[in-house]
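Examining the three-dimensional arrangement
In case you want the letters, here they are:
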Amino acid sequence: MHKKRLRKLGFMRRLLTCAIALISLVALFSAHLHLFFPPSHVSMLPDPYKFPTQHESQYQKLSRERSWIQPHLSKAPLPALKLDGANRSLDFNKLWKPPPNRDFTPCVEPSSSYLAPQETRGYLLVHTNGGLNQMRAGICDMIAVARIINATLVVPELDKRSFWQDTSNFSDVFDEDYFITALANDVKIIKKLPKELMASTRAVKHFRSWSGIDYYEQEIASLWNDYQVIRAAKSDSRLANNNLPPDIQKLRCRACYEALRFSPRIEAMGKLLVDRMRSYGPYIALHLRYEKDMLAFSGCTHDLSIEEANELTAIRENTSYWKVKDIDSTEQRARGYCPLTPKEVGIFLRALGFPPITPIYIAAGEIYGGDSRMADITSLFPHLMKKEKLATVEELDPFINHASQMAALDYIVSVESDIFIPTYSGNMARAVEGHRRFLGHRKTISPDRKLLVRFFDKIANGTMKEGKKLSSRIIEMHKRRQGSPRKRKGPISGTKGTDRFRSEEAFYVNPLPDCLCQKESTENETNITAVLK
């Protein structure tokens, strides 16, 4: 009996020893795992396998309709710290790091001599024109014009006759009440023209493009002598980019970046889309302007079939307000005037070092050519997402038939993205870039299309291959094209008249120096700098 007890005791000791050893091994393995995969980095990585569970059934339904925006996601393991692109590894943080903002911060408060609106001389009616961002810029300019000519601004009328045929009113797209209140100390704004003036004779003017303050204070303001109502037939590019009083420039920024916010419904949906994109980690917003209207307008037909090229030409010829009809597509592309194709964007992103797992939000309408046109970029970057993928059909239903409201959702997701990449320098690209500069110079990579197409053509004809050499060249040529602080570009040397103003960088692309100021160093920082020197 005694021996039997000893055997049991020995067995228990051996079992306890094994358990202790096993626990020690697990602890040691865990320590090494954390060493190689720090939690701070792992938490930053997106989960490429699973979409938010509450939307899975809707995504499955949408996948049958839009196969390219919901690709099959492989179960390959995620890299932890290094991203492999073009046969080279780039540090994760470096790839996503924004450019230094050099302590520039918004400074849009009016000067001490700036007065509240005086008794107005009449009413300014505004008919905006173009798409969402063209209208936004025009509205902000007309706020400044109303201030200059001492007018009461009637809430602008949105363009309902443009290519998109959007029936949205101002209050459908923008927060009308906030807009009026936020600018109360600048301009008096009312929702409708007083009834007694509805039938009155009004001056209908096409304000001269890129005009300075003298034009408005003299020629336009003189109309008050004969009229109580002035109607601006168009609003885009009616105000000069430069050489305006500082208080007028700051007012334009207050209007654009503070007062003219989207309607509560659009803001809420935009925030939801941003949150869902962020659930996958840092993301790129890609403004893929490869849509029918842009290709028709620009005359760009590279890689399209003869039938597609003829269709685009017919659209351009039948659109009366597009003045240029005869366009050489090859010449346009060589000069960098064409939007990059989806295939070219895929090559570009891979050369920059972005890995296949990168979450990419496609800020665009319907891509011309659909699935077949998106196949090349989808094969390289399968994690392509759009509004229709991130939201349910029911959630998007209030916006789906309104181009301006859908564009507003793309605008919000693009402004809030970790990196914004426009494939064409249109109104949306310029507006988002300017807003991101105002908010702290968030990273915006602007492809050098003129140089890139030379590489793409060499790849296509077999004289150049993708790889480390191409990647190094593309990375180097885009080091200074990432949205870092710089002053707004003036006119191109030698240009005159309208061409001179047209060649200037638009005010809403870059609000520096008018609306951004560099923080002054504190006394302690100055002393430390002096010591270090």
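To keep things clear, this report deals only with the structure shown in the data block. All values reported here derive from a predicted model rather than from experimental measurement. (Residues numbered from 1 in each chain as written. Predicted model: local features only at pLDDT ≥ 70, side-chain atom pairs only at ≥ 80, totals over all residues. Heavy atoms only, no water.)

**Remarks on the overall build of the protein**
A count of helical and extended segments in the protein gives 23 helices and 13 strands. Burial analysis of the protein (533 residues in total) assigns 50% to the buried set. Intrachain contacts of the protein at a sequence separation of at least 6 include 79% that bridge at least 24 residues. Carbon and sulfur atoms make up 53% of the accessible area of the protein, which amounts to about 27,600 Å² in all. (Helix = DSSP H or I, 4+ residues; strand = E, 2+ residues; numbered from the N terminus. Buried < 20%, exposed > 50% of the residue type's maximum accessible area, 1.4 Å probe, protein only. Contact = heavy atoms within 4.5 Å. Areas by Shrake-Rupley, 256 points an atom, 1.4 Å probe, with all protein chains shown as cover.)

**Remarks on helix 12 (residues 306–318)**
Owing to its 3.6 residues per turn, the α-helix aligns residues three or four sequence positions apart on the same side. For helix 12, built from 13 residues, the straight-helix expectation of 18 Å at 1.5 Å per residue is met to within 8% by its first-to-last C-alpha distance of 18 Å. If you check which residues of helix 12 are buried, you get Glu308, Ala309, Leu312, Ile315 and Arg316. All buried residues of helix 12 project into a common sector of 125° when viewed along the axis, lining one side. Exposed positions of helix 12 whose direction lies more than 90 degrees from the buried face are Ile306, Glu307 and Asn318. Against helix 11 (292–298) and helix 15 (370–380) lie the buried residues of helix 12. (Expected span 1.5 Å × (residues − 1). Arc of directions from axis to C-beta.)

**A closer look at a nonpolar patch on the surface**
Together, Phe163, Trp164 and Tyr321 make up a nonpolar patch on the protein surface, roughly 310 Å² of accessible area in all. For Tyr321, the position within the fold is in the loop between helix 12 and helix 13 (329–334). Note on Tyr321: relative accessible area 45%, which makes it partly exposed. (Patch = residues over 30% accessible without salt bridge, like charges linked within 9 Å, V, L, I, M, F, W, Y side chains within 5 Å. Salt bridge = Lys/Arg side-chain N within 4 Å of Asp/Glu carboxyl O.)

**Some words on the packing of aromatic side chains**
Evaluated as defined, the whole model comprises eleven aromatic pairs. Relative to Phe354, the ring of Trp96 lies with its centre 5.6 Å away and its plane at 75°, an arrangement referred to as edge-to-face. Here the residue Trp96 occupies a position in helix 4 (residues 92–96), and Phe354 occupies one in the loop between helix 14 (342–352) and strand 10 (360–362), the gap between them amounting to 258 residues. Here the two residues Trp96 and Phe354 agree in accessibility, since each one is buried. (Phe/Tyr/Trp six-rings, centres within 6.5 Å; stacked < 30°, edge-to-face > 60°.)

**Things to note about the packing of helix 18 (residues 403–415) against helix 19 (residues 427–438)**
At their nearest, the axes of helix 18 and helix 19 sit 10 Å apart, and the two run at 40° to each other. Considering the angle they form, helix 18 stands oblique to helix 19. Crossing geometry of helix 18 relative to helix 19 is assigned as right-handed. Contacts from Asp410, Tyr411, Ser414 and Val415 of helix 18 reach helix 19 at Met428, Ala431, Val432, His435 and Arg436. Looking at the contact of helix 18 with helix 19 residue by residue, the classes come out as five nonpolar, two polar and two charged. (Axes fitted to C-alpha atoms, helices over the stretch in contact; angles between N-to-C directions. Parallel < 35°, antiparallel > 145°, perpendicular 65-115°, else oblique. Left-handed = near helix turned anticlockwise from the far one by under 90°. Nonpolar A, V, L, I, M, F, W, Y, C, P; charged D, E, K, R; others polar.)

**Here we look at the sheet that holds strand 11 (residues 384–385)**
Pairing is parallel across the open sheet formed by four strands, whose spatial order is 11-10-9-12. Either end of the sheet is taken by a strand with one partner, and the two such strands are strand 11 and strand 12 (419–422). Relative to strand 10, strand 9 (residues 284–287) runs parallel, the two being bridged by three bridges. Opposite Leu286, over in strand 10, you have Ile362 as the bridge partner. (Pairing = 2+ DSSP bridges.)

**Details of the packing of helix 10 (residues 264–278) against helix 18**
Put simply, helix 10 and helix 18 touch, their axes get as near as 9 Å, and they point 45° apart. Accordingly, the angle class assigned to the pair helix 10 and helix 18 is oblique. The two elements helix 10 and helix 18 cross, and the hand of that crossing is right-handed. Across from Arg265, Ile266, Glu267, Met269, Gly270, Lys271, Leu273, Val274 and Met277 in helix 10, the residues of helix 18 making contact are Gln405, Ala408, Leu409, Ile412 and Val413. Residue classes in the contact of helix 10 with helix 18 are distributed as nine nonpolar, two polar and three charged.

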